[in-house]
Protein chains: 2
Amino acid sequence: MTSTTFTIRSATEADWPAIWALFRSAAESGDVFAYDESTSEETARKLWFESPAVCFVVEVEGKFAGTYYVRPNQPGRGDHVANAGYMVAPEFRGLGLSVALCEHSVEVARKLGFCAMQFNFVVSTNESAVRAWQKCCFAVVGRLSGAFRHKQLGLVDVFVMYRTL
Amino acid sequence: MTSTTFTIRSATEADWPAIWALFRSAAESGDVFAYDESTSEETARKLWFESPAVCFVVEVEGKFAGTYYVRPNQPGRGDHVANAGYMVAPEFRGLGLSVALCEHSVEVARKLGFCAMQFNFVVSTNESAVRAWQKCCFAVVGRLSGAFRHKQLGLVDVFVMYRTL
């Protein structure tokens, strides 16, 4: 990572259009999210932006560069385990922002009282993401055979990743 | 299994009260579901009964004895993998109905075009369930350390179970 200066802060309503635009482009790429082109803005907003999700954005030189959310992964007797999702805008990749966002989210989840964090659906061919989450102490704890229909590669495996906090 | 005569059929609106009562008692037991006592009827219905879920019930001598649902486990590029949930009423346990429901659900999922089926949250101490799903060719593909707050036992592990169809 170069010495990129970035700021991570809580998202506000004014950030939603940029988050939604990035979500749509990630969904359209067909190589990272189960969510595809047909995902409605309402669905995306409910996942990423609305309570109980807490949403943060990262800015590089004042420009929107990425976002993440943290929320309970399960209801009730499973709500001590957090789930999180991350997106970095294409023009800001390769700067280490995924790791920075993930580390930040781990701290936020700890402060919110979560005991662990789980990623349910890490596409195995998304190697940069898998490496980033491993750097942040997440381990692959499960493999789902052919659970993702990759736009270019067809059926590929999906990892469940997990760490305690 | 004894020679219990049972019938598995599609659920109708008239079945919902019995399903909801069983759901509440399973949630209250605090040993099988993430869903706890605070779960609203609307949430349960959305999970178990409303489209895209398909819901079936099993009857023994005309009496409601259990239920299951099948639905996509993920949106979009993950919607070829089904999820399912099962409940058997306490007075009908030990008759092999869990296995019967699971085998039926696998056939239904196949007919609906799913390629695999995934259980996201099988409480590891629920040994009869784990055995039943293993009989139905599900394998433990992931272990989530301490992901369930068991009402009696405290934090216990959770299994992710999976099979192709």
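Above this text sits the structure in question.
Residues numbered from 1 in each chain as written. Chains lettered and ligands numbered in written order. Predicted model: local features only at pLDDT ≥ 70, side-chain atom pairs only at ≥ 80, totals over all residues.

A. Inspection of the packing of helix α3 (residues 97-111) of chain B against helix α4 (residues 127-135) of chain B at higher detail. Residues and elements named next belong to chain B. Where α3 meets α4, the axes come as close as 9 Å, and the angle between the chain directions of the two elements is 40°. What the angle tells us is that α3 and α4 run oblique. Judged by the twist between their axes, the crossing of α3 over α4 is right-handed. Contacts from Ser-98, Val-99 and Cys-102 of α3 reach α4 at Ala-129, Ala-132, Trp-133 and Lys-135. (Axes fitted to C-alpha atoms, helices over the stretch in contact; angles between N-to-C directions. Helix = DSSP H or I, 4+ residues; strand = E, 2+ residues; numbered from the N terminus. Parallel < 35°, antiparallel > 145°, perpendicular 65-115°, else oblique. Left-handed = near helix turned anticlockwise from the far one by under 90°. Contact = placed C-beta atoms within 7 Å.)

B. Fine view of the nonpolar core. Of all hydrophobic cores here, the largest spans 100 residues; its most connected members are A:Val122 and B:Val122. The contacts of A:Val122, once residues within four sequence positions are left out, are A:Ala129, A:Val130, A:Trp133, A:Val158, A:Phe159 and A:Met161. (Core = buried A, V, L, I, M, F, W, Y, C linked by C-beta atoms within 7 Å. Buried ≥ 20, exposed ≤ 12 C-beta atoms within 10 Å, placed from the backbone.)

C. Seen up close, the relation of the copies chain A and chain B. Screw-axis analysis of chain A against chain B gives a translation of 0.0 Å along the axis, an RMSD of 0.0 Å, and a rotation angle of 180°. A rotation of that kind, with that shift, is consistent with a two-fold axis. Closest approach to the rotation axis among the C-alpha atoms of chain A is made by A:Gly142, whose C-alpha sits 1.9 Å away. Residue by residue, 100% of the interface of chain A is reproduced at the interface of chain B, so both copies engage with the same surface. (Least-squares fit on C-alpha atoms with pLDDT ≥ 70 in both.)

D. Molecular detail of the interface of chain A and chain B. Contact residues are listed per partner, giving 29 residues for chain A and 29 residues for chain B. Where the side of chain A that touches chain B is concerned, the elements lending two or more residues are β5 (116-123), β6 (139-150) and β7 (154-164) of chain A. Sort the elements by how many residues they give to the side of chain A that touches chain B and β6(A) lands first, with 9 residues. When grouped by side-chain class, the residues that make up the side of chain A that touches chain B number 13 nonpolar, 12 polar and 4 charged. (Nonpolar A, V, L, I, M, F, W, Y, C, P; charged D, E, K, R; others polar.)

E. How the structure looks around helix α4 (residues 127-135) of chain A. All names here are of chain A. Residues of α4 that are buried include every one of Ala-129, Ala-132 and Trp-133, and no others. Taken down its axis, α4 places every buried residue within 95° of arc, on the same side. Exposed and oriented more than 90 degrees from the buried face of α4 are Glu-127 and Arg-131. Buried-residue contacts for α4 involve α3 (97-111), β5 and β7. Trailing α4 by a residue or two, Cys-137 shows a phi angle of about 75°, which is positive. (Arc of directions from axis to C-beta.)

F. Spotlight on the pairing of strand β4 (residues 81-88) of chain B. All names here are of chain B. Where burial is concerned, most of β4 is hidden: 7 out of the 8 residues are buried. Strand direction decides the pairing type here: strand β3 (residues 63-72) and β4, joined by 7 bridges, are antiparallel. In the strand pairing of β4, Val-70 is matched with Ala-84. Between the parallel pair β4 and strand β5 (residues 116-123), the chain is carried across by α3, and the sense of this crossover is right-handed. (Pairing = 2+ DSSP bridges. Right-handed = clockwise from strand over helix to strand, strands pointing away.)

G. Structural detail: the environment of A:Gly78. Relative to the helices and strands, A:Gly78 is located in the loop between β3 (63-72) and β4 (81-88). By C-beta crowding, A:Gly78 is classed as buried, having 22 other C-beta atoms within 10 Å. For the pair A:Gly78 and A:Gly30, spaced 48 residues apart in the sequence, the C-alpha separation amounts to 30 Å. Residues in contact with A:Gly78, not counting those within four places in the same chain, are A:Asn73, B:Ala34, B:Phe121, B:Ala147 and B:Phe148.

H. Highlighting unusual backbone geometry. Residues and elements named next belong to chain A. Pro-52 follows Ser-51 through a cis peptide bond whose omega is 10°. Within the secondary structure, Pro-52 sits in the loop between α2 (41-48) and β2 (54-60). In this structure, Glu-61 is a non-glycine residue whose phi angle is positive, near 50°. By secondary structure assignment, the location of Glu-61 is in the loop between β2 and β3. Look at Cys-137: it is not a glycine, yet its phi comes out positive at around 75°. Positionally, Cys-137 belongs in the loop between α4 and β6. C-beta crowding within 10 Å serves as the criterion here: with 14 such atoms nearby, Cys-137 is assigned to the partly exposed category.

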